[in-house]
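Each chain is listed here by its residues.
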Amino acid sequence: AAEKVMRAISEDVSENNNAELTILGVEPLKLVSKIPRVKLREAQELIFKRTKIDHRSEPDLDPNDEKEICKWAKEEHGSNLVFITHYPTKKRPFYTMPDPNDSEYTLSFDLIGEGTEWVTGSQRINSHEMLLDHAKKWGNTPEKLATYLDAFKYGIPPEGGFCMGLERVTRDLLNL
């Protein structure tokens, strides 16, 4: 869904704002057919090989890592954007779905654009029991989350969500 939103933004701006982009001296965002996807640990390994700076055990990318992985995506895939997936379970909120193949990591992502995190999202846990267990493990008081947790007691289909930093997207696309 995040990729579809980015495509819609790119297409809309290209179709409706060429005059403004020309005034600002910027090109519209052009997306490759499929934005590359790389697991966090693989991205950190790529960054280490390229820079010899070792952040391979960190739970997230630092700002310089984000810039470097975007350089890699541009060089290897012709893409200004790259999805980084599978962040450590302990790094993400309690409601983030663990990877069923490796519970140390989550079914989550960040979309890095022009060297900055633009979007973050994940598949969400939809099991009441798992949510309750995770809430406790993360130090939350289930009673304070009762209204949220109650919504899952009778079953909810798999779902996910994401949040986009539109100010970052705008800043980076307009070279501000």
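**Student:** Could you give an account of the sheet that holds strand β1 (residues 37–39), naming the residues involved and the relevant values?
**Tutor:** Working definition: the strands of a sheet are paired by backbone hydrogen bonds and lie parallel or antiparallel to each other. With mixed pairing, 5 strands are arranged side by side in an open sheet as β1-β2-β5-β6-β7. For this open sheet the edge positions go to β1 and β7 (159–164), each flanked by a neighbour on one side alone. Here the average twist between neighbouring strands, direction ignored, is 20 degrees. Each of β1, β2 (81–85), β5 (108–113), β6 (116–124) and β7 is contacted by helix α1 (residues 2–16), which is oriented at about 40 degrees to β7, the strand it contacts most. The sheet contacts of helix α4 (residues 63–77) involve β1, β2, β5 and β6, and relative to β2 the element is tilted by about 120 degrees.

**Student:** I'd love a proper account of the nonpolar core, names of residues and values included.
**Tutor:** In summary, soluble globular proteins display a tendency toward joint burial of nonpolar side chains. Within the largest apolar cluster, 13 residues are counted, with the highest numbers of intra-cluster contacts made by V38, L61, I69, W72, V82 and I84. Of all elements in the fold, only α3 (40–51), α4 and β2 reach the threshold of two or more residues within this core. Here the element with the most residues in this core is α4; it accounts for 4 residues. One finds A2, M6, L81 and F109 within the second-largest nonpolar core, a separate group that totals 12 residues.

Conventions and cut-offs
Residues numbered from 1 in each chain as written. Predicted model: local features only at pLDDT ≥ 70, side-chain atom pairs only at ≥ 80, totals over all residues. Heavy atoms only, no water. Pairing = 2+ DSSP bridges. Helix = DSSP H or I, 4+ residues; strand = E, 2+ residues; numbered from the N terminus. Axes fitted to C-alpha atoms, helices over the stretch in contact; angles between N-to-C directions. Contact = heavy atoms within 4.5 Å. Core = buried A, V, L, I, M, F, W, Y, C linked by side-chain atoms within 4.5 Å. Buried < 20%, exposed > 50% of the residue type's maximum accessible area, 1.4 Å probe, protein only.

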